[in-house]
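Summary of structural features
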Amino acid sequence: AKRAGRAQFRIDAGQDVPVPVDQLRLEVDLHHAIERRELELFFQPQFDGRTLQVVGAEALLRWRHPQLGMVPPDRFIPLAEESGLIVPIGRWVIDEACRQAAEWSALACRPIGVAVNVSVRQMLGDDIASVVAQALRRHALPAQRLELEITESLAVGDVAQARLLLARLADLGVGVAIDDFGVGYSSLAYLRDLPVQRVKIDRSFLRQVPQDAGSSRLVGAMVSMARALEIGLVAEGVETVEQLDFLCEQGCDAIQGYLLGRPIAGDDFLHRLMADDFG
Ligand code: C2E
Ligand code: CA
Ligand code: CA
Ligand code: CA
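Just so you know, these numbers come straight off a predicted model, no measurement behind them.

Conventions used here
Numbers given to residues run from 1 along each chain, matching the order in which its sequence is written. Both sets of labels track the order of writing: A upward for chains, 1 upward for ligands. The predicted origin of the model limits local features to residues at a pLDDT of at least 70 and limits the giving and counting of side-chain atom pairs to 80 or more, whereas totals for whole chains, interfaces and linings rest on all residues. To obtain the side-chain values, all non-hydrogen atoms of the structure were included, while hydrogens and water were left out. Counted as donors are N, O and S atoms no farther than 2.8 Å from the metal, or 3.2 Å for Na, K and Ca; water is not among the atoms, and sites may therefore look incomplete. Each helix corresponds to a stretch of at least 4 residues labelled H or I by DSSP, and each strand to a stretch of at least 2 residues labelled E; elements are numbered beginning at the N terminus. Being near a molecule or strand, for a residue, comes down to having at least one heavy atom within 4 Å of it. Distance and chemistry together define a polar contact, namely a pair of N or O atoms within 3.5 Å, with one atom able to donate a hydrogen and the other to accept it when in protein, and with adjacent residues in sequence counting only for side-chain atoms on both sides. Note on areas: these come from Shrake-Rupley sampling with a 1.4 Å probe, and a residue is covered only by the protein chains present in the view. Residues are sorted three ways: Asp, Glu, Lys and Arg are charged, Ala, Val, Leu, Ile, Met, Phe, Trp, Tyr, Cys and Pro are nonpolar, and all the rest, Gly among them, are polar. Orientation is described by axes fitted as lines to C-alpha atoms, over the contacting stretch for helices, and by angles from 0 to 180 degrees between their N-to-C directions. By definition in this entry, angles of less than 35 degrees are roughly parallel, angles greater than 145 are roughly antiparallel, angles of 65 to 115 are roughly perpendicular, and the rest are oblique. Rotating anticlockwise by less than a right angle from the far helix to the near helix defines a left-handed crossing, while the corresponding clockwise rotation defines a right-handed one. The contact criterion used throughout is that any non-hydrogen atoms of two residues lie within 4.5 Å.

Protein ligation of the calcium ion (ligand 2) involves Glu58 (OE), Asn117 (OD1), Glu149 (OE) and Asp179 (OD), the donor distances falling in the range 2.2 to 2.3 Å. Summarised as a motif, the one-chain spacing of the donors to the calcium ion (ligand 2) is E-x58-N-x31-E-x29-D. Separation of the calcium ion (ligand 2) from the calcium ion (ligand 3) amounts to 3.9 Å, with aspartate 179 serving as a shared donor to the pair. Note that glutamate 58 is positioned in strand β2 (residues 54-65) and aspartate 179 in strand β6 (residues 175-181), a separation of 121 residues in sequence.

Around ligand 1, 22 residues are found, and the nearest of them are Gln44, Arg62, Arg203, Glu239 and Tyr258. One of the side-chain nitrogen or oxygen atoms of aspartate 180 is found 3.4 Å away from an oxygen atom of ligand 1. Interatomic distance of 2.9 Å between a side-chain N/O atom of arginine 203 and an oxygen atom of ligand 1. Contact with the protein chains covers 86% of the free accessible surface of ligand 1, which is 800 Å². Elements supplying a minimum of two residues to the shell around ligand 1: β2, α3 (73-83) and β6. Top contributing element to the shell around ligand 1 by residue count: β2, with four residues. The residue makeup of the shell around ligand 1, split by class, is eight nonpolar, five polar and nine charged.

This part covers the packing of helix α6 (residues 128-138) against helix α8 (residues 159-172). Between α6 and α8, the least distance of the axes is 9 Å, while the angle of their chain directions is 15°. Our classification of the angle between α6 and α8 gives roughly parallel. Our pair here, α6 against α8, has a crossing hand that is right-handed. Packed against α6, whose contacting residues are Ile128, Ala129, Ser130, Val132 and Ala133, the element α8 presents Leu165, Arg168, Leu169 and Leu172 at the interface. For the contact of α6 with α8, the per-class residue count stands at seven nonpolar, one polar and one charged.

Treat this as a map of the structure, not an account of what it does.
Right, dumping it as structure tokens:
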């Protein structure tokens, strides 16, 4: 799907078109994407590592462009960050994710959590704690059902400021997860210095699991480390039964990946939840 989305940016399939034209068009159009209701959240299920029950979902942003079709987030989030549009877009994402989680939990009669990606630019450029508090209140969503996924680069600039921001979120009761864990260079310092409840092992670490002994030992060590530090651990990008079996054996808390569920529209998520049709 990613490849198809990307191909739509080629005017002529044979040759590479200079990127800036497309980028400019996208950036101009992005200004109207919210009010024109072109943004949409997809949701990828997250499963309990022991029971393999659905316990929540990660919200993944999509842009249905009227001419270009579905634009993948990797294409427009960098533009949103550069232009500052990530602030209003990010607010919409948090609000919409809370709305959905509240609706699902009410209809399914059990708690369903939601994880939202928050970029560093949004984290530093907005009063994120107020935005979160307002969304929780508006949709009467218990704070424990919302998790913010942040990347390690948040702490690259100013660790003291990052700590303050995360402490305010912890006060609200929302969870914070480190996304793409292990890819940055300061992962362990991050765990030492900042209050986080979960880490998400980047899928690049899983690629060779379990056939490669070195990769498998590394992932096993990450699971042990998380347990020793009493933080939760999500494995993302789980694509094969062998990976799933390995992670379950190691005692991984939560599983996410194409094997058990791809990102789908909110309505589809609800239908499958109600029909107990995941996994
Ligand atoms: P991410 O946060 O690391 O999200 C995981 C990405 O991996 C998603 O791509 C998801 O569809 C994909 N994925 C999930 N399971 C598998 C699997 O088993 N195999 C493979 N190959 N891929 C899998 P997506 O939806 O295209 O999102 C790309 C990135 O865009 C995200 O990476 C995240 O960094 C960013 N993003 C998405 N939504 C938002 C948002 O609302 N706000 C911000 N700031 N960033 C977002
Ligand atoms: Ca993420
Ligand atoms: Ca990730
Ligand atoms: Ca990523």
